[in-house]
Amino acid sequence: MSSSAPAPLVPLVVAIDGPSGSGKSSTSRGVAARLGLRYLDTGAMYRGMTWWMLENGVDVSDPSAVAARAREARIQSGTDPLAPTITVDGVDVAEAIRGEAVTGAVSPVSAVPEVRAVLLELQRSIIAADGGIVVEGRDIGSVVAPDAPVKVYLTADPEARALRRAAEEGGSDVAATQQSLLARDKIDSGRTVAPLTMAEGAVHLDTTPYSLDEVIGLVVDLVEAVEASA
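The structure presented is a predicted model; accordingly, all values stated were derived computationally and were not measured.

Parameters at a glance
- Residues numbered from 1 in each chain as written.
- Predicted model: local features only at pLDDT ≥ 70, side-chain atom pairs only at ≥ 80, totals over all residues.
- Heavy atoms only, no water.
- Helix = DSSP H or I, 4+ residues; strand = E, 2+ residues; numbered from the N terminus.
- Contact = heavy atoms within 4.5 Å.
- Pairing = 2+ DSSP bridges.
- Axes fitted to C-alpha atoms, helices over the stretch in contact; angles between N-to-C directions.
- Buried < 20%, exposed > 50% of the residue type's maximum accessible area, 1.4 Å probe, protein only.

J.: Honestly, the environment of Thr-50 in this entry has me stumped. Any pointers?
T.: When you line up the elements, Thr-50 lands in helix 2 (residues 42-55). Residues Thr-50 and Met-198, 148 residues apart in the sequence, show an inter-C-alpha distance of 25 Å. Among residues more than four places away in sequence, those in contact with Thr-50 are Val-102, Ala-105, Val-106 and Val-109.

See below:
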């Protein structure tokens, strides 16, 4: 009997949530690439919005000022997991949104309800396009795509998260990075609108003891189990 390639997955949504440094981005891209799905980094969208506010002189500490201009930014996210892109008003901001200025301002901007409403509309429109998708963020399973058939909540211990993020940033101070991550957790978990939380029905995966490839494999197994039972 001749062998054949596995049948492509039925379009689906894989929601991957968790705090900064838990491995969401690398895992999500890896899962999407392995399964031939699209990929969306919602955190980059919030960073893009924050970059726009800073570039346009908006006081990011003033929620009403941020809210008043939230619909002006034109944010476009590419969905290729091997080469994700993000532009704001036609400008490639993939590098700029990872800088200190944006990192220091993204939490208060993300907490503004009008910002979340604007980006929620955009995120859902991207998800609804053709093809399955892996979506990462902090409120995907709970708010953005609550009906996603696969929901994963990634965590890792604070030291492991800090080591990963410091390495991503080119060797930042680990202790300072850890404090920054914990401060971000407090803001994200305590905000009134769409707080960071594990969605109902999500599978909790502590990535601390695993390699990236192992984590990707575990999530792929979850997706394939859901597909097999569909």
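Moving on from the model shown.
J.: Just to check I follow, could you spell out the sheet that holds strand 2 (residues 38-41) for this structure?
T.: Sheet strands line up and pair through hydrogen bonds in the backbone, either parallel or antiparallel. Spatial ordering of the open sheet is given by 2-6-1-7-8, a layout of 5 strands whose pairing is parallel. Strands at the two margins of the open sheet, each flanked by one partner only, are strand 2 and strand 8 (203-206). Recorded for the sheet is a direction-independent mean angle of 20° between the axes of neighbouring strands. Judged from the 5 bridges that link them, strand 1 (residues 13-17) and strand 6 (residues 133-137) form a sheet pairing that is parallel.

J.: Looking at this model, I keep getting lost on the pairing of strand 2. Mind explaining?
T.: Side-chain direction in a regular strand flips from residue to residue, so the side chains alternate between the two faces of the sheet. Residues Arg-38 and Leu-40 line one face of strand 2 and the alternating positions Tyr-39 and Asp-41 line the opposite face, and both faces are buried. Bridge count between strand 2 and strand 6: 4 bridges; the pairing is parallel. Residue pairing for strand 6: Asp-41 is matched across the bridge by Glu-136.

J.: Mind showing me how you'd approach the environment of Ser-107 here?
T.: If you trace the backbone, Ser-107 turns up in helix 4 (residues 100-110). Ser-107 gets classed as buried once you look at its relative accessible area, which sits at 6%. With 63 residues separating them along the chain, Ser-107 and Ala-44 place their C-alpha atoms 12 Å apart.

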